[in-house]
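Listed here are the chains, written in short residue letters.
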Amino acid sequence: MRVPFLRRGAAIAAVALLLGPAAVRAQDAYPTRPLKMIVPYAAGSAADTLSRAVTNQLASQLGQAIVVENKGGAGGTIGTVDIARAQPDGYTIGLAAQGTMITNQALYAKPGYDSLKDFTHIGLMANIANVLVVAPDSPYGNVGQLAAAIKAAPANKFSYSSSGVGTSHHIAGVVLGQQLNKPLMHVAYTGAPQGMVAIMSKEVDMGLYNIPAAIGLIRGGKLKALAVTSLQRSPLLPDVPTLDESGMKGYEVTLWFGLIAPANVPQDRVARLHRELDAALGNPALRTKLTEQGFDMAPVPLASSRDFSALIRSDLEKWPPIIKALGATAQ
């Protein structure tokens, strides 16, 4: 026998009242199984280092494993598309970078995703600067010497590596060439580790890599640091000047990383992930570890998810016109 709609609704309400807190607990049980974290960059990159450290802490707090899946390539667009297309159930999260969310919107006619519409923006995690590096036995001991050689050579004579089109490594080289009024040849590799090996083997002349990815090779004497891309010197490389103070006035290329998920994740799960990210970034051991590796960690208490969306919206208004004016392309 069919129960009339109103009667059936009343019956459901009555059951919910009888179950009380148990029903609420069932709804709030998320997560009940392992999560997946998609990192749109290669293993061993700064993005990967940050992602694994934060997800390890999140897994501990959530009581569920988080499997990190590296999906690099095409400047991060391949993995970022996979984040956008995942089920919006809170069980797939991903790394957002300034390169994937902002730069790629200027470089690619069809990156495959809309940075504002296709994602749930959870929270900012960290900022980092890059460092200009050459081979240890490079004849250039400072930016002035390198700049003079670049200016005296034909366009595209000097080459630099990156982990792909649209990465901060790529854009930093474009901006450097623009400052010197001499284009540099961009050579894209599958990841930051491969790009830095190319510098050491002298396949390319230089690179501008994220400090966390390059710091170990610099300390090990396998790369020589000439300058950092932030306006302030890095605490990890106090003797290395900034490009700004090395004659490239106003030069600044830094980038941010954040946590995202597909669009339309239930709001209660977004709130849970934001709450746990705030706790993770406030963990003293994690914060110290990542700071010592060159990350400028986001302040805690963590800004809201709406604030993270506002940052993305603001950067989309600011950076694409600048990148297009520099002539950077995905080719």
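All values reported here derive from a predicted model rather than from experimental measurement. (Residues numbered from 1 in each chain as written. Predicted model: local features only at pLDDT ≥ 70, side-chain atom pairs only at ≥ 80, totals over all residues. Heavy atoms only, no water.)

Caption draft 1: The arrangement of the pattern of salt bridges in detail. A complete count under the given rule lists eight salt bridges for this structure. A salt bridge links R272 to E276, with the nearest nitrogen and oxygen atoms 2.9 Å apart. With R272 and E276 both in helix α10 (residues 267-281), this residue pair falls four residues apart, about one helical turn. Here R272 and E276 have matching classes, each one buried. (Salt bridge = Lys/Arg side-chain N within 4 Å of Asp/Glu carboxyl O. Helix = DSSP H or I, 4+ residues; strand = E, 2+ residues; numbered from the N terminus. Buried < 20%, exposed > 50% of the residue type's maximum accessible area, 1.4 Å probe, protein only.)

Caption draft 2: How the structure looks around the domain arrangement of the protein. Once the domains are mapped, the protein shows domain 1 (35-127 + 254-326) and domain 2 (129-246). Just the C-alpha atoms count here: the centres of domain 1 and domain 2 sit 25 Å apart. At the junction of the two partners, domain 1 supplies 22 residues and domain 2 supplies 24 residues. Across the domain 1/domain 2 interface, buried area totals approximately 1500 Å², and carbon plus sulfur atoms make up 71% of it. If you sort the residues of domain 1 by the area they bury against domain 2, T254, L255 and L326 come out on top, with a joint share of 29%. Linking domain 1 with domain 2 are zero salt bridges, by the criterion used here. For the pair domain 1 and domain 2, the interface holds zero residue pairs in polar contact (both at pLDDT 80 or more). Broken down by element, the side of domain 1 that touches domain 2 gets its largest block of residues, four residues, from helix α5 (residues 98-107). Residues belonging to the side of domain 1 that touches domain 2 are distributed by class as follows: 11 nonpolar, 10 polar and one charged. (Domains from an automatic or database assignment. Contact = heavy atoms within 4.5 Å. Buried area = accessible area lost by both parts, 1.4 Å probe. Polar contact = N/O pair within 3.5 Å; in protein donor to acceptor, adjacent residues only side chain to side chain. Nonpolar A, V, L, I, M, F, W, Y, C, P; charged D, E, K, R; others polar.)

Caption draft 3: Here's a closer look at the environment of K36. Mapping K36 onto the fold places it in strand β1 (residues 35-39). Relative accessible area serves as the criterion here: at 31%, K36 is assigned to the partly exposed category. Sequence separation between K36 and G90 is 54 residues; the distance between their C-alpha atoms is 9.3 Å. When neighbours within four sequence positions are excluded, K36 is seen to be in contact with I66, V67, E69, Y91, T92 and I93.

Caption draft 4: Structural view of helix α7 (residues 168-180). Here α7 is 13 residues long and its end C-alpha atoms lie 18 Å apart, about the 18 Å a rise of 1.5 Å per residue gives. A large share of α7 lies buried, amounting to 11 of its 13 residues. In the stretch just after α7, N181 is the one whose phi turns positive, near 60°. (Expected span 1.5 Å × (residues − 1).)

Caption draft 5: Focus on the packing of aromatic side chains. Counted by the stated rule, this structure contains four aromatic pairs. Ring geometry for Y113 versus F119: centroids 5.7 Å apart, planes at 75°, classification edge-to-face. Classification of F119 by relative accessible area gives buried; the value is 5%. With a centroid separation of 5.6 Å and an interplanar angle of 80°, the aromatic rings of W256 and F308 are classed as edge-to-face. Separated by 52 residues along the polypeptide, W256 in strand β9 (residues 254-262) and F308 in helix α12 (residues 305-326) bring together distant segments of the chain. The class of W256 is buried, set by a relative accessible area of 3%. Under the relative-accessibility criterion, F308 is labelled buried at 3%. Above the plane of the ring of Y91 lies R33, whose end atom (NZ or CZ) is 3.7 Å from the centre. (Phe/Tyr/Trp six-rings, centres within 6.5 Å; stacked < 30°, edge-to-face > 60°. Lys NZ or Arg CZ within 6 Å of the ring centre and 35° of its normal.)

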